[in-house]
Amino acid sequence: MLLTKEPAIITDGLEQLQKVDETFISKYLQELVPKALNLAIQVVLAVVIYLIGKRMIAFLRKVLRKSLERREVDLGVCQFLDSVSKYCLYAVLWLTVLTLFGVTTASVVALLGSAGLTLGLALQGSLANFAGGVLILLMKPFRVGDYMISGATGHEGTVKEISTFYTKILTVDNQTVMIPNGKLTEDAIVNVTGQQTRRLDLTVGISYTSDLRRAKELLADLVARDERILTDQPVQIFVAELAASSVELGCRFWVPSENYWQVKWDMLEAVKLVFDENQIEIPFQQIELHVKEADKIKNQ
């Protein structure tokens, strides 16, 4: 009797397990379709919200820029605030998109808080650059359009943009250089065009046999004839040094900053031409060989 009951019990157990499996699979499939539809709707909504949000961010940034321009805010400040607002608005947009998938703002904040130390170490350079950008806007060592030289990197050029983390400059040979703001605030910055006027120093050497007074008169005449040289600033023409093979004449005068290089090039050319016309010799490095008469006889 025991032998005949055991196969029946096993058979009943297998049938019950099969029914349970079929019920579970059927229930899973029934729940899968609504979940898939719900996920698809969430994805579509997320894409729509992102596209709409992207357009709204562009509109808000445009409104912000126009508002700052109407108030005649410095261009560098406008660029920096525009960059900061861009990152902040996109962060809000992504948080909004994540909430569609069940991610709450509190959980994101908690996650960022718990990972704050790690993020701080990982973003140490970026935070330093951001702080450097704020210092640049507050201290204003240079503005957009100024020609500056970075002591930390050695790069120089015209400032085109001051963004959240980098300052963009354009070199004289039309290369774009991105300098981290942190680098600019940790070393010297030379603002070449920060002032409206600059002093131009020229040094010209003449030979000891040339007429010194005539050479100074010619330099003074060249300065007086150039209309780009400022007449309300002092002009100095002097003997700078009695060198080994030349008398070094110094000439100092003031010009508008935007004319500095052109005036310098034109003046150097004019000095050479007028000195040649008046037989004022500009010495150059040369080697003279002197052979004694006794050495000639010995060699013969």
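Residues numbered from 1 in each chain as written. Predicted model: local features only at pLDDT ≥ 70, side-chain atom pairs only at ≥ 80, totals over all residues. Heavy atoms only, no water.

1. Some words on the nonpolar core
Point 1. With 23 residues, the main nonpolar core has Leu200, Ile206, Phe253, Val255, Val263, Met267 and Phe275 as its most contacted residues.
Point 2. Listing elements by their share of this core, those giving two or more residues are strand S6 (197-206), helix H7 (212-225), strand S8 (247-256) and helix H8 (260-277).
Point 3. Considering every element that reaches this core, the biggest residue donor is H8, with 6 residues.
Point 4. With residues up to four places along the chain from it excluded, the contact list for valine 255 reads Gln196, Thr197, Arg198, Leu200, Arg228, Ile229, Leu230, Tyr260 and Val263.
Point 5. The next biggest cluster of nonpolar side chains, apart from the first, holds 12 residues, and it includes Val77, Ile136, Phe142 and Ile169. (Core = buried A, V, L, I, M, F, W, Y, C linked by side-chain atoms within 4.5 Å. Buried < 20%, exposed > 50% of the residue type's maximum accessible area, 1.4 Å probe, protein only. Helix = DSSP H or I, 4+ residues; strand = E, 2+ residues; numbered from the N terminus. Contact = heavy atoms within 4.5 Å.)

2. A closer look at the pattern of salt bridges
Point 1. All chains considered together, the criterion is met by 11 salt bridges.
Point 2. Measuring nitrogen to oxygen at the nearest pair gives 3.7 Å for the salt bridge that ties aspartate 201 to arginine 252. Linking aspartate 201 in strand S6 with arginine 252 in strand S8, this pair joins segments that are 51 residues apart in sequence.
Point 3. Salt-bridge contacts for lysine 272 lead to aspartate 276; the nearest nitrogen and oxygen are separated by 2.4 Å. With a gap of 4 residues between them, lysine 272 and aspartate 276 both fall in helix H8, about one helical turn apart. (Salt bridge = Lys/Arg side-chain N within 4 Å of Asp/Glu carboxyl O.)

3. Notes on a nonpolar patch on the surface
Point 1. On the surface, Leu39, Val43, Val47, Leu51 and Phe101 cluster together into a nonpolar patch covering about 420 Å² of accessible area.
Point 2. Here leucine 51 lies in helix H1 (residues 2-70). (Patch = residues over 30% accessible without salt bridge, like charges linked within 9 Å, V, L, I, M, F, W, Y side chains within 5 Å. Areas by Shrake-Rupley, 256 points an atom, 1.4 Å probe, with all protein chains shown as cover.)

These figures capture arrangement, not role.
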